[in-house]
Amino acid sequence: IIAAFQPKTLAGKHVLITAGPTFEPIDPVRGITNLSSGKMGYAIAQAAWEAGAIVTLVSGPTALDTPYGVRRIQVQTAQQMHDAVMAQLNQSVQHRQDIFIAVAAVADWRIANASEQKLKKTSDSDVPQLQFAQNPDILAAVAALPDAPYCVGFAAESENLLQYGAAKRLKKNIPLLVGNIGHHTFGKDDNELVLFDEQGHTALPRADKQTLAQNLIAEIALRTSLI
Ligand code: CTP
Ligand code: CA
């Protein structure tokens, strides 16, 4: 209903989005995850569809419904999210992704020695010795592709947002990075965002995630219509 009143600023564009947390197994019944609710990524997927885009959402485990009009691929681990994203980018030219928005809170590490069987509690002194391995950096991998889509990253920082945000955009080699203060956003319905691009930084004023998503999509449409 609302969609009819949105300007179709992304008409016909293919937009690929990651959202939610990842879940990294320790054993068949346990794992490591984080507090991402997926709300921001899902709101962005919805706003992109409202703006006329063909939207694919690669999502970690969340309690959210698939946004209307959006194709959702559900994954658990960072490796699965990476593989699903790469599979979408390897499609035919007709399905070429124009824009990639990495909103997922991807686990930086997985358990290298995850157990095939449920770990058993034996004695008080005998605790599991978990080892970690680094997960692929999905956003950096996409940005490094020869024919990369326009890449947008998200960064939840707990301090020094202006400094870390600008540095992270350069490190990931992406045109646009969206920053927020981590513990103010996870699971919340509203948020405040700072956009970092090659011009510097600008703030999107505090609003509910749906409004922020629409404003962010407008900013992305503005920037991608020029390239
Ligand atoms: N990201 C990703 N794959 C990863 C890690 C992060 O695609 N394995 C993406 C996130 O979706 C986000 C951006 O990279 O868009 C920044 O994530 P963040 O965790 O802030 O950056 P890191 O490079 O992992 O740095 P940090 O040490 O601060 O966690
Ligand atoms: Ca990280």
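Every chain's residues receive numbers from 1 upward, in the order its sequence appears when written. Chain letters and ligand numbers both follow the written order, the letters beginning at A and the numbers at 1. Per-residue local features are limited, in this predicted model, to residues with pLDDT of at least 70; the limit for side-chain atom pairs, both in listing and counting, is 80 or more; totals at the level of whole chains, interfaces and linings are taken over all residues.

Draft legend 1. Looking closely at the confidence of the model for the chain. Residue-level confidence of the predictor is summarised by pLDDT, bounded by 0 at the bottom and 100 at the top. In this model, the chain carries a mean pLDDT of 92, and residues with pLDDT of at least 70 account for 94%. Overall fold confidence for the complex sits at a pTM of 0.94, while the interface term, ipTM, reaches 0.98.

Draft legend 2. Spatial organisation of the site of ligand 1. Contacts to ligand 1 come from 13 residues, most closely from A102, V106, I138, L139 and G153. Under the scheme used here, helices are H or I runs from DSSP no shorter than 4 residues and strands are E runs no shorter than 2 residues, and both carry numbers assigned from the N terminus. For the shell around ligand 1, the secondary-structure elements that each account for two or more residues are α3 (138–143) and β9 (150–157). Of the residues forming the shell around ligand 1, the biggest block, three residues, is contributed by β9. Grouping the amino acids of the shell around ligand 1 by side-chain chemistry returns eight nonpolar, three polar and two charged. By convention here, the C-beta atom is placed from the backbone, and a residue is near a molecule or strand when that atom is within 6 Å of it. Each residue gets one of three labels, nonpolar for Ala, Val, Leu, Ile, Met, Phe, Trp, Tyr, Cys and Pro, charged for Asp, Glu, Lys and Arg, and polar for the others, Gly among them.

Draft legend 3. Seen up close, the UniProt feature "binding site: CTP" (unreviewed entry) in the chain. On the UniProt side, "binding site: CTP" (unreviewed entry) is annotated at positions that read D108, K118, P136, D137, I138, L139, F154, K168 and K172 here. In summary, the annotated positions, distributed over 65 residues, remain apart in three dimensions as well, the widest C-alpha pair reaching 38.0 Å. With respect to the secondary-structure elements, L139 resides in helix α3. Throughout, a pair of residues is in contact if the C-beta atoms placed from their backbones lie within 7 Å. Contact partners of L139, with chain neighbours within four places excluded, come to A102, C151, G153, K172 and I174. On the secondary structure map, K168 appears in helix α4 (residues 161–172). Not counting residues up to four positions away in its chain, the partners in contact with K168 are A155 and L177. UniProt positions are given in the numbering used here, feature names are shortened, and annotations may be inferred rather than shown by experiment.

Draft legend 4. Main features of unusual backbone geometry. Despite not being glycine, N160 shows a phi value in the positive range, around 45 degrees. Looking at where N160 falls in the secondary structure, it is placed in the loop between β9 and α4. On the basis of neighbour counts, which here come to 9 C-beta atoms within 10 Å, the residue N160 falls in the exposed class. Unlike most non-glycine residues, N173 shows phi in positive territory, near 60 degrees. Take N173: it is sitting in the loop between α4 and β10 (176–181). A tally of 13 C-beta atoms within 10 Å means that N173 is categorised as partly exposed. Each residue is classified by how many other C-beta atoms fall within 10 Å of its C-beta atom, where C-beta atoms are placed from the backbone; a count of 20 or more means buried, 12 or fewer means exposed, and values in between mean partly exposed.

Draft legend 5. Just the environment of Q80, in detail. Inspection of the secondary structure assignment puts Q80 in helix α2 (residues 78–89). Taking the C-alpha atoms as reference points, Q80 and T22, separated by 58 residues in sequence, lie 9.2 Å from one another.

Draft legend 6. Quick peek at the pairing of strand β11 (residues 190–197). Pairing between strands is defined by DSSP: at least two bridges between the two strands are required. The pairing of β10 with β11 spans three bridges and is antiparallel. The partner of L177 across the bridge, within β11, is F196. In this structure, β11 lies alongside strand β12 (residues 200–208), joined through seven bridges in antiparallel fashion. Paired with D190 across the strands is D208, a residue of β12. With antiparallel pairing between neighbouring strands as the criterion, β11 and β12 make up a hairpin whose turn holds two residues.

Draft legend 7. Up close: the sheet that holds strand β1 (residues 14–19). One open sheet accounts for eight strands, arranged β5-β4-β1-β6-β9-β10-β11-β12; its pairing is mixed. Of all the strands in the sheet, just β5 (71–74) and β12 have a single pairing partner and so form its edges. The mean angle between the axes of side-by-side strands here comes to 20 degrees, regardless of whether they run parallel or antiparallel. Here α4 sits on the sheet and contacts β9, β10, β11 and β12; the angle it forms with β9, its principal contact strand, is near 145 degrees. Axis geometry follows a simple rule: fit a line to the C-alpha atoms, using only the stretch in contact for helices, then measure angles between N-to-C directions, giving values from 0 to 180 degrees.

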